[in-house]
Amino acid sequence: MEQHGLRQLALQAITQVEWIPNWGKARMSGMIENRPDWCISRQRTWGVPLAFFIHNETGNLHPNTLSLMEKVAQQVEKQGIEAWYTLDTQAFLGVDANHYHQTFDVLDVWFDAGVLPECLLKMRPELSWPADLVLEGSDQHRGWFHSQLLTSVR
């Protein structure tokens with residue numbers, strides 16, 4: 001939360017929102033002020049996979065992670081999410097396959113939900129960014145509102 005001033009940016013963004021009811025502003029501010037760091041991965045059997053290959057000895061990501069993620073995304077587009085789970089790493093990574101292992105962690109569902117509005121609004125030219133209104137129950141302060149806030153500040 002302290003890296004790149006994320007906490008302060010989020011707190012500043014809260015002041016620029018019209019909260020209805022207005023007590024939502026204080027509630028969200030308190031959550032952000034006391035929030036520990038956010039781990040965006042989960043160890044579940046469902047969800048959006050984090051398509052990473054980790055070096056067996058160093059624990060570092062594969063140096064071509066971004067291009068590998070794009071290749072995985074293309075396979076998932078064609079074959080569905082199971083493409084990641086049935087991936088032949090030997091064929092996919094070639095000579096690197098013996099030095100890297102595939103991860104099976106998934107994105108935290110709230111991170112996934114938090115970035116959806118931005119992705120959708122930027123893909124659809126008839127919609128405006130940022131959204132004019134986000135409407136949901138107050139139970140979403142800790143979940144959806146929280147993740148939208150943290151993923152939208154820069």
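In this report, the structure presented in the accompanying data block is examined. This structure is a prediction, so every number in the text was calculated from the model and none was measured. (Residues numbered from 1 in each chain as written. Predicted model: local features only at pLDDT ≥ 70, side-chain atom pairs only at ≥ 80, totals over all residues. Heavy atoms only, no water.)

### Considering a nonpolar patch on the surface
On the surface, Trp 46, Val 109 and Trp 110 cluster together into a nonpolar patch covering about 300 Å² of accessible area. Structurally, Trp 46 can be placed in the loop between strand E1 (41-42) and strand E2 (53-55). (Patch = residues over 30% accessible without salt bridge, like charges linked within 9 Å, V, L, I, M, F, W, Y side chains within 5 Å. Areas by Shrake-Rupley, 256 points an atom, 1.4 Å probe, with all protein chains shown as cover. Salt bridge = Lys/Arg side-chain N within 4 Å of Asp/Glu carboxyl O. Helix = DSSP H or I, 4+ residues; strand = E, 2+ residues; numbered from the N terminus.)

### Considering the side chain of His 55
By the secondary structure assignment, His 55 is in strand E2. For His 55, a relative accessible area of 17% corresponds to the buried category. Contacts of His 55, omitting those with residues within four sequence positions, involve Asn 60, His 99, Tyr 100 and His 101. (Buried < 20%, exposed > 50% of the residue type's maximum accessible area, 1.4 Å probe, protein only. Contact = heavy atoms within 4.5 Å.)

### With respect to the pattern of salt bridges
This structure, assessed with the given rule, holds four salt bridges. Taking the shortest distance from any N to any O, the salt bridge between Glu 2 and Arg 7 comes out at 2.6 Å. Owing to a relative accessible area of 54%, Glu 2 belongs among the exposed residues under this scheme. Among the residues examined, Arg 7 registers a relative accessible area of 11% and is labelled buried. A salt bridge links Arg 42 to Asp 108; its shortest N-O distance comes to 3.0 Å. Linking Arg 42 in strand E1 with Asp 108 in the loop between strand E4 (106-107) and helix H6 (109-123), this pair joins segments that are 66 residues apart in sequence. Here Arg 42 falls in the partly exposed class, since its relative accessible area comes to 25%.

### Here we look at the packing of aromatic side chains
Summed over all chains, the structure comprises five aromatic pairs. For the pair Phe 53 and Trp 84, a centre-to-centre distance of 5.4 Å together with 65° between the ring planes defines the contact as edge-to-face. With Phe 53 in strand E2 and Trp 84 in helix H4 (residues 82-85), the pair connects residues that are 31 residues apart, well separated along the chain. Here the two residues Phe 53 and Trp 84 agree in accessibility, since each one is buried. Geometrically, the ring pair formed by Trp 84 and Phe 104 is tilted, given 6.5 Å between the ring centres and 55° between the ring planes. Placement of Trp 84 in helix H4 and of Phe 104 in the loop between strand E3 (100-102) and E4 is noted, with a sequence separation of 20 residues between them. In this structure Trp 84 comes out as buried when scored by relative accessible area, which is 1%. A relative accessible area of 41% means that Phe 104 is categorised as partly exposed. (Phe/Tyr/Trp six-rings, centres within 6.5 Å; stacked < 30°, edge-to-face > 60°.)

### Concerning unusual backbone geometry
Pro 21 follows Ile 20 through a cis peptide bond whose omega is -5°. On the secondary structure map, Pro 21 appears in the loop between helix H1 (6-15) and helix H2 (23-33). Here the phi dihedral of His 4 falls at roughly 55°; this positive angle occurs in a residue that is not glycine.

### A word on the environment of Phe 53
Using a relative accessible area of 1% as the deciding quantity, one classes Phe 53 as buried. Each C-alpha atom of the pair Phe 53 and Leu 6 lies 27 Å from the other, and the pair is 47 residues apart in sequence. Ignoring anything within four residues of it in the chain, the contact list for Phe 53 reads Asn 60, Leu 61, His 62, Leu 68, Trp 84, Leu 87, Thr 89, Phe 92, Leu 93, Tyr 100, His 101 and Gln 102.

Function-wise, these values are silent; they only describe arrangement.
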